[in-house]
Amino acid sequence: MLKLAKYQDGPEIFHSIQGEGKSTGQPFVFIRTSLCNLHCIWCDTDYTWNWRGTEYYHEKDDDPRYEKYVKEDHILEMETPEIVDLVRSFNCPNVIFTGGEPMLQQRPLMELAAVLKAQGITWMEVETNGTFLPKDGFDQFINQYNVSPKLSNSNNSEKLREKPAVLLHFAQSSKAHFKFVINAEQDLDEVATLQERYKIPAAKIYLMPEGRDAETLRSRQQWLIEVCKARGYNFTDRLHIHIYGNKRGI
Ligand code: SF4
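What counts and what doesn't
- Residues numbered from 1 in each chain as written.
- Predicted model: local features only at pLDDT ≥ 70, side-chain atom pairs only at ≥ 80, totals over all residues.
- Heavy atoms only, no water.
- Phe/Tyr/Trp six-rings, centres within 6.5 Å; stacked < 30°, edge-to-face > 60°.
- Helix = DSSP H or I, 4+ residues; strand = E, 2+ residues; numbered from the N terminus.
- Buried < 20%, exposed > 50% of the residue type's maximum accessible area, 1.4 Å probe, protein only.
- Salt bridge = Lys/Arg side-chain N within 4 Å of Asp/Glu carboxyl O.
- Axes fitted to C-alpha atoms, helices over the stretch in contact; angles between N-to-C directions.
- Parallel < 35°, antiparallel > 145°, perpendicular 65-115°, else oblique.
- Left-handed = near helix turned anticlockwise from the far one by under 90°.
- Contact = heavy atoms within 4.5 Å.
- 1 Å grid on protein atoms, 1.4 Å probe; cavity = no way out; pocket = protein on both sides within 12 Å on 5 of 7 lines; lining within 4 Å.
- Points joined across faces, edges and corners; volume = space filled by probe spheres on them.
- Pairing = 2+ DSSP bridges.
- Polar contact = N/O pair within 3.5 Å; in protein donor to acceptor, adjacent residues only side chain to side chain.
- Near = heavy atom within 4 Å.
- Sits in = over half its atoms within 2 Å of the grid points.

Q: Just checking my understanding: could you explain the packing of aromatic side chains for this structure?
A: Each aromatic ring pair is specified by the distance between its two centres and by the angle formed by the two planes. Counting across every chain of the model gives six aromatic pairs. Aromatic pair Phe14 and Phe30: ring centres 5.1 Å apart, planes at 5 degrees, arrangement stacked. Taken as a pair, Phe14 in strand β3 (residues 13–17) and Phe30 in strand β4 (residues 27–32) lie far apart in primary sequence, 16 residues in all. Here Phe14 matches Phe30 in class, with each residue buried. Taking 5.1 Å as the distance between ring centres and 50 degrees as the angle between the ring planes, the aromatic pair formed by Tyr145 and Phe170 counts as tilted. Within this pair, whereas Tyr145 is found in strand β8 (residues 144–147), its partner Phe170 is found in helix α5 (residues 164–172), the two being separated by 25 residues in sequence. Here Tyr145 matches Phe170 in class, with each residue buried. What links up through ring pairs into an aromatic cluster is the set Phe14, Phe28 and Phe30.

Here it is in structure tokens:
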């Protein structure tokens, strides 16, 4: 059974284009798993972890109109055949496992990926915060890892967000690319430190402005592009925010 984010009484599984990173612009079926081991204060999928009673802070907690989520109301458990039927209905050969943190659920994802591959899905990607090593049985189905290690701007402790063995593994993996969410210049020093510490090739690094609206993204893109030019990194926007805004399920 896979624990999925629940949206409008169904699972958050939808057909859209990838808006971030190396595969930007390509069509994918997105499968959004619930639960995360981190708790970034600016997380825009907070409905996967910011449960009532949690000790963790999210910046939206300061908004009197915002309430932490009732866990049982935002998780849907589904068996592999039901998920496969839904994915196949979109007639798209590309799938992304996103979250939350999908690699918390590698066993059920492994089972799902095996069936999806047998049913004609030819490309599978994972979006991960880079704190879990892929198990062999899982890795065999994955074509690309979009690894997004969290910086101190996420407000997670270093011990929780930086797992050396995992970052070393992905730095050396031909399947992995790194995406860093940047909202201030000091974040760039942390990226450089991680790049040096784990020997991450510059060509594998994508810098993405933090922002949940087009205006914020635009205000940060110019200087970030200059940084990418100077350091040999890639720039990535958040295309889906420009097109759809910060809406779920599209
Ligand atoms: S790792 Fe991702 S899903 Fe988890 S809290 Fe951070 S931004 Fe949200």
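Q: Help me understand the pattern of salt bridges in this model?
A: Pairing of side chains with opposite charge becomes possible as their charged atoms draw close. Evaluated as defined, the whole model comprises 14 salt bridges. Asp139 serves as the salt-bridge partner of Lys175, at 3.4 Å between the closest nitrogen and oxygen. Taken together, the positions of Lys175 in the loop between α5 and β9 (176–182) and Asp139 in helix α3 (residues 136–139) put the pair 36 residues apart, joining distant regions of the chain. For Lys229, the salt bridge goes to Glu226, with nearest N and O atoms at 3.2 Å. Linking Lys229 with Glu226, this pair stays in helix α7 (residues 214–231), spanning three residues, or about one helical turn. Glu226 gets classed as partly exposed once you look at its relative accessible area, which sits at 38%.

Q: Explanation requested: unusual backbone geometry in the structure shown.
A: Peptide bonds are trans in most cases, and residues, glycine excluded, mostly fall at negative phi. Omega for the bond connecting Gly99 with Gly100 falls within 30 degrees of zero, at 15 degrees, which places this linkage in the cis form. Along the chain, Gly100 falls in the loop between β6 (94–98) and α2 (106–118). Look at Asp9: it is not a glycine, yet its phi comes out positive at around 70 degrees. Turning to its location among the elements, Asp9 is positioned in the loop between β1 (2–7) and β2 (10–11).

Q: Explain the packing of helix α1 (residues 80–88) against α2 to me, please; I cannot follow it from the model alone.
A: Between two packed helices, both the angle of their axes relative to each other and the distance between the axes serve to describe the pair. Their axes nearest at 10 Å, the elements α1 and α2 cross at an angle of 45 degrees. Between α1 and α2, the crossing angle belongs to the class labelled oblique. The element α1 and its partner α2 pack so that their crossing is right-handed. Taking contact as the criterion, the partners of Thr80, Ile83, Val84 and Val87 in α1 are, on α2, Glu111, Leu112, Val115 and Leu116.

Q: Where do I start with the layout of surface pockets in this structure?
A: A water-sized probe rolled over the atoms picks out the places where empty space is left. Taken as a whole, the largest pocket spans an internal volume of roughly 890 Å³. Along the walls of the largest pocket sit 50 residues, with Arg32, Asp44, Thr45, Gly99 and Arg238 positioned nearest its centre. Of all the elements in the fold, those that place two or more residues in the lining of the largest pocket are β3, β4, β7 (123–128), β9, β10 (205–209) and α8 (239–244).

Q: Looking at this structure, I do not really get the sheet that holds strand β5 (residues 75–78). What am I missing?
A: Whenever strands of a sheet pair, they do so through backbone hydrogen bonds, lying parallel or antiparallel. Pairing is antiparallel across the open sheet formed by three strands, whose spatial order is β2-β1-β5. Only two strands of the sheet have a single partner each, and these edge strands are β2 and β5. As paired strands, β1 and β2 are joined by two bridges and run antiparallel to one another. Each residue of the ladder has a partner; that of Tyr7, found in β2, is Gly10. Docked against the sheet, α1 engages β1, β2 and β5, running at close to 100 degrees with respect to β5.

Q: Could you clarify how one ought to interpret the environment of Asp139 in this entry?
A: Since its relative accessible area comes to 22%, Asp139 is described here as partly exposed. Polar side-chain contacts of Asp139 include one of 2.6 Å to the side chain of Tyr145.

Q: Quick question: what am I supposed to make of the site of the ligand here?
A: For the ligand, the full set of nearby residues is Cys36, Leu38, His39, Cys40, Trp42, Cys43, Thr45, Trp49, Gly100, Asn129 and Lys150. Put simply, the ligand lies in the largest pocket.

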